[in-house]
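# Working through the structure, step by step
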Amino acid sequence: VSTGDRPRITGGGHGDCVQCPSMELLRFFLATGWVAKVVLIILVLFSLASWSVIFGKWRELTSAAKATDRFLRVFRKASRLNEVSSEVQKHRASPLAPMFQAGHSELEAQLRSSQGPNRSETGLRIKSLDAISRALERVRGSELERLQRALPMLATTASATPFIGLFGTVWGLMNTFRAIGATGSTSILTVAPGIAEALINTAAGLLAAIPAVIAYNHLLARVKSLNRRMEDFELEFLNLVERNFN
């Protein structure tokens, strides 16, 4: 056998192998029907949106929890509420900071209206503890709504994408039976395209839904934990006001 007949090994073989999976996926996507393409595109968009929410809310809630710890240390160490008020801007990521501002503003308004701006804090009295409680509760509700923002996107992804994938699965099976009916053959060449479409849509639906379910439950638990801390802070603030100004 002459040397010219021997197969030659090129240096680009390794790079070609690395590109094979992505090229195969692209060829498979292009070979699917228009319904399967639409289903896959919708599932990919849902998945990208949910991952964006996951990373964004993770950073937001982590920052809020750390800022809350720092704010509580400042609040509990301070001897006067005005000292805490001057530190609020450093802890804006905490939901307790706007709550404190609302409660402190209502407290100062009541003290000014009852005692005047030139009196010392000794012997000062508030008019309504309920008004301060309502101010705190109003801000707590808005902060809770802010912390929960975008979480419904994860819930929607978790509940909708399996059914979207199931629709693609059913459509792929319909194509399989249609091909069997048209050809009268059940060979692998006949059923493989439809079965492949069905399975890839099922997998895509699950890949979009499973991370969204796990992340939604975890992030919702962290939001509830912060909400409990807001409720505790509200009671702590009201107790402090009641002891000193009522």
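Here's what I pulled together on the structure shown here. Being a predicted model, the structure only gives us computed values, none of them experimental.

### Quick notes on the nonpolar core
Counting residues in hydrophobic clusters, the biggest one holds 36 residues, and the most contacted among them are F71, F75, F100, L107, I132, F233 and F237. The set of elements that each furnish at least two residues to this core consists of helix 2 (34–77), helix 3 (81–85), helix 4 (96–115), helix 5 (129–148), helix 6 (151–183) and helix 7 (188–245). Tallying contributions element by element places helix 7 first for this core, with 11 residues. Apart from the residues within four sequence positions on either side, I132 is in contact with G103, E106, L107, Q110, I126, F237, L238 and V241. Within the second largest apolar cluster, 5 residues are counted, among which are V35, V39, L43 and A204.

### Observations concerning unusual backbone geometry
One non-glycine residue with positive phi stands out, namely A150, at about 80°. Topologically, A150 is positioned in the loop between helix 5 and helix 6. Here A150 falls in the partly exposed class, since its relative accessible area comes to 32%.

### Side note on the packing of helix 2 against helix 5
Relative orientation of the contacting elements helix 2 and helix 5 amounts to 140°, with a least axis distance of 10 Å. Here helix 5 runs oblique to helix 2, going by the angle between their axes. Taking contact as the criterion, the partners of K57, E60 and L61 in helix 2 are, on helix 5, R146, L147 and Q148. The residue inventory of the contact of helix 2 with helix 5, partitioned by class, reads 2 nonpolar, 1 polar and 3 charged.

### What to know about the pattern of salt bridges
Should their charged atoms come close, side chains of opposite charge can pair. Following the criterion strictly, the structure yields 9 salt bridges and no others. Residue K90 pairs with E87 through a salt bridge whose shortest N-O separation is 3.2 Å. On the basis of relative accessibility, which here comes to 59%, the residue K90 falls in the exposed class. Taken together, the shared-partner salt bridges connect K57, E60, E143 and R146 into one network.

### Looking at the side chain of T157
Take T157: it is sitting in helix 6. Not counting chain neighbours up to four residues away, the residues in contact with T157 comprise F46, S50, P162, A208, A209 and A212.

### Observations concerning the environment of L238
The residue L238 is located in helix 7 in this model. Taking the C-alpha atoms as reference points, L238 and L129, separated by 109 residues in sequence, lie 7.4 Å from one another.

### Examining the packing of aromatic side chains
Centre-to-centre distance and the angle between the planes together describe a pair of aromatic rings. Following the criterion strictly, the structure yields 9 aromatic pairs and no others. Measuring from ring centre to ring centre gives 6.1 Å for F75 and F100, while their planes differ by 75°; the resulting arrangement is edge-to-face. Of this pair, F75 sits in helix 2 while F100 sits in helix 4, and the two are 25 residues apart along the sequence. In this structure F75 comes out as buried when scored by relative accessible area, which is 6%. Of the residues examined, F100 reaches a relative accessible area of 0% and is grouped as buried. Centroid distance F75 to F237: 6.5 Å. Interplanar angle 25°. Geometry classified as stacked. Of the two residues, F75 sits in helix 2 while F237 sits in helix 7, which places them 162 residues apart along the sequence. For the pair F75 and F237, one class covers both residues: buried.

The rules behind these values
Residues numbered from 1 in each chain as written. Predicted model: local features only at pLDDT ≥ 70, side-chain atom pairs only at ≥ 80, totals over all residues. Heavy atoms only, no water. Core = buried A, V, L, I, M, F, W, Y, C linked by side-chain atoms within 4.5 Å. Buried < 20%, exposed > 50% of the residue type's maximum accessible area, 1.4 Å probe, protein only. Helix = DSSP H or I, 4+ residues; strand = E, 2+ residues; numbered from the N terminus. Contact = heavy atoms within 4.5 Å. Axes fitted to C-alpha atoms, helices over the stretch in contact; angles between N-to-C directions. Parallel < 35°, antiparallel > 145°, perpendicular 65-115°, else oblique. Nonpolar A, V, L, I, M, F, W, Y, C, P; charged D, E, K, R; others polar. Salt bridge = Lys/Arg side-chain N within 4 Å of Asp/Glu carboxyl O. Phe/Tyr/Trp six-rings, centres within 6.5 Å; stacked < 30°, edge-to-face > 60°.

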